[in-house]
Amino acid sequence: MFNIKALSKRIFLIKKHFNSNISFLVIAGGAFFSFLNTLLIKNYLPSLFNTYSFYITYLGIISSFGLIGLDQVFLRLSYNKKNRINLQKNIFTLLLVNSIIIPLLISFYFNQNYSNLSYIILLISGISINYIIISYNLSRLESNFIHAQLIKNTYKLFFFITIITFTVFKSIKVEYFLLIFTIFLSISLFYSLIYIKNHLNITVKNNTPFINFLVSFFINILIITFLGYGERLLIANTLGENIFGKYFYYITIFVFPLSLIQQYVGFKELVSFKESFNKNNFYRKLIKLFTLSLILSSLILLVIFLDNGRFLKVDYINDYILIVLLLCLGIVKLIYGIYSAIIGAVGEYRDVYILNFMTILLIGFFVLMNYIIGITIQGIVISLIGIFLIRIFFIQIKYVSNKN
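Residues numbered from 1 in each chain as written. Predicted model: local features only at pLDDT ≥ 70, side-chain atom pairs only at ≥ 80, totals over all residues. Heavy atoms only, no water.

*Asks:* Whenever I open this one, the packing of aromatic side chains confuses me. Can you help?
*Replies:* One pair of aromatic rings is described through two measures. These are the centre distance and the angle between the planes. Using the criterion set out here, one finds 28 aromatic pairs in the structure. Between the aromatic rings of Phe49 and Phe248, the centroid separation amounts to 6.1 Å while the plane-to-plane angle is 65 degrees, which identifies the pairing as edge-to-face. Taken together, the residues Phe49 in helix α2 (residues 49–65) and Phe248 in helix α9 (residues 241–254) connect sequence positions 199 residues apart. Ring centres of Phe158 and Phe184 lie 4.8 Å apart, and the angle between their planes is 15 degrees; this geometry places the pair in the stacked category. With Phe158 in helix α6 (residues 145–166) and Phe184 in helix α7 (residues 174–199), this residue pair connects regions lying 26 residues apart in the sequence. A residue is classified by how much of its surface remains accessible, and Phe158, at 32% relative accessible area, is partly exposed. (Phe/Tyr/Trp six-rings, centres within 6.5 Å; stacked < 30°, edge-to-face > 60°. Helix = DSSP H or I, 4+ residues; strand = E, 2+ residues; numbered from the N terminus. Buried < 20%, exposed > 50% of the residue type's maximum accessible area, 1.4 Å probe, protein only.)

Here you go:
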């Protein structure tokens, strides 16, 4: 007998699997273009590389911290009613205010401290990124995941097209280069504004208290941003822009491929752990992940060795210690991805606060030690490895070892 209910369920699962795969391909595509952009500029537009590195770091900081955690409050406290996403007015007002204020402040810092970065270009780019993030999360709430990833990653393709075009004109001024980037981001800004206007409903009543959520997300996002980008600014401010550029290039090659898998693992396993958590199953996944990280690290080293400086500008003879440390950092961050999924899926608020407070103390300790001993790239990378390992150890003790 023909079972319509079973067929509908099967179609739904196929569609869900298809959307998941397409979403991941868009994420991977955006990451691939970011990776390729860095390599192309280093090889064909070297005079622009340091400025590009700071600009991309700025965009990364805004993407992470530009809304001070209000984007997470938006995800948590909005609701779907009559096929429209609804958000209370006070949260939306704060989103709008901070979407401008934070880029104003961070743009000023970058403009004052690093060369060739126009304040206006930074400001427009930062505001654009904030609205891209808002519309991205709005699309996620509508379960339109492919569209969400397209909103978030399309500008990276346009950056790639710009870089390919400008490699023909090797004497191009950096101001024009960043201006083209800003124009593409501005187009995304206008699209995001239209999308938000058409898909978000603002409710007049402000019934849901959100300060506790905002404080929690603010602290968490601040720590994540510092762990993701703080060491770059420390290197730039203490060791100089050229050393920063070298570090940015090396983490693109040695850490970024592992970080991409980390993001996917965290996204995928969080859902799995929410449904059920089995210690033995977790350890099997952990062993597979560690094995994968070793294979990928070996492949990266093999490519570097075979390339021998023809395209990848890596001094593996003089920088072998730094390279090994960066690969270790990539492996630890990849392993941390699955532990992060545990805390995201089943972590209690009290433990999250303890973990964040402990991380703040660790950051302070390692920064102080680096200043006392003398700041080097190697010392900074070792500090990052230590922080992630201690966070892993905390989650292991609280949520894995004590699990029956």
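There's more to say after this.
*Asks:* How do you make sense of the pattern of salt bridges when you look at a structure like this?
*Replies:* Oppositely charged side chains can pair when the atoms bearing their charge come close. The tally for this structure, following the rule as stated, stands at 2 salt bridges. The residue Asp319 makes a salt bridge to Lys246 at a minimum N-O spacing of 3.0 Å. Here Lys246 lies in helix α9 and Asp319 lies in the loop between α11 (279–307) and α12 (320–346), a separation of 73 residues in the sequence. Classification of Lys246 as partly exposed rests on a relative accessible area of 29%. One salt bridge connects Lys398 with Asp351, and the closest N-O pair in it is separated by 3.5 Å. Residue Lys398 is found in helix α14 (residues 377–401), and its partner Asp351 is found in helix α13 (residues 349–373); the two are separated by 47 residues along the sequence. Accessibility expressed as a relative area gives 36% for Lys398, which makes it partly exposed. For Asp351, a relative accessible area of 3% gives the class buried. (Salt bridge = Lys/Arg side-chain N within 4 Å of Asp/Glu carboxyl O.)

*Asks:* How do you make sense of the packing of α2 against α7 when you look at a structure like this?
*Replies:* The geometry of a pair of packed helices is captured by two quantities: the angle between their axes and the separation between those axes. Here α2 crosses α7 at 25 degrees, and the two axes come no closer than 11 Å. Taken together, the axes of α2 and α7 are roughly parallel relative to one another. Between α2 and α7 lies a crossing whose hand is right-handed. Every residue of α7 that contacts α2 at Thr51, Tyr52, Tyr55 and Leu59 is listed here: Val174, Phe177, Leu178, Phe181, Thr182 and Leu185. When its residues are assigned to classes, the contact of α2 with α7 shows 8 nonpolar, 2 polar and no charged. (Axes fitted to C-alpha atoms, helices over the stretch in contact; angles between N-to-C directions. Parallel < 35°, antiparallel > 145°, perpendicular 65-115°, else oblique. Left-handed = near helix turned anticlockwise from the far one by under 90°. Contact = heavy atoms within 4.5 Å. Nonpolar A, V, L, I, M, F, W, Y, C, P; charged D, E, K, R; others polar.)

*Asks:* I tried to follow the nonpolar core on my own but got confused; where do I start?
*Replies:* Taken as a class, soluble globular proteins show a tendency for nonpolar side chains to be buried jointly. Judged by nonpolar contacts, the single largest core of 125 residues is most densely connected at Tyr55, Phe110, Phe177, Phe254 and Tyr339. With 16 residues, α12 is the largest single contributor of residues to this core. Apart from residues no more than four positions distant in its own chain, Phe254 is found in contact with Ile300, Ile304, Val314, Ile323, Leu326 and Leu327. (Core = buried A, V, L, I, M, F, W, Y, C linked by side-chain atoms within 4.5 Å.)

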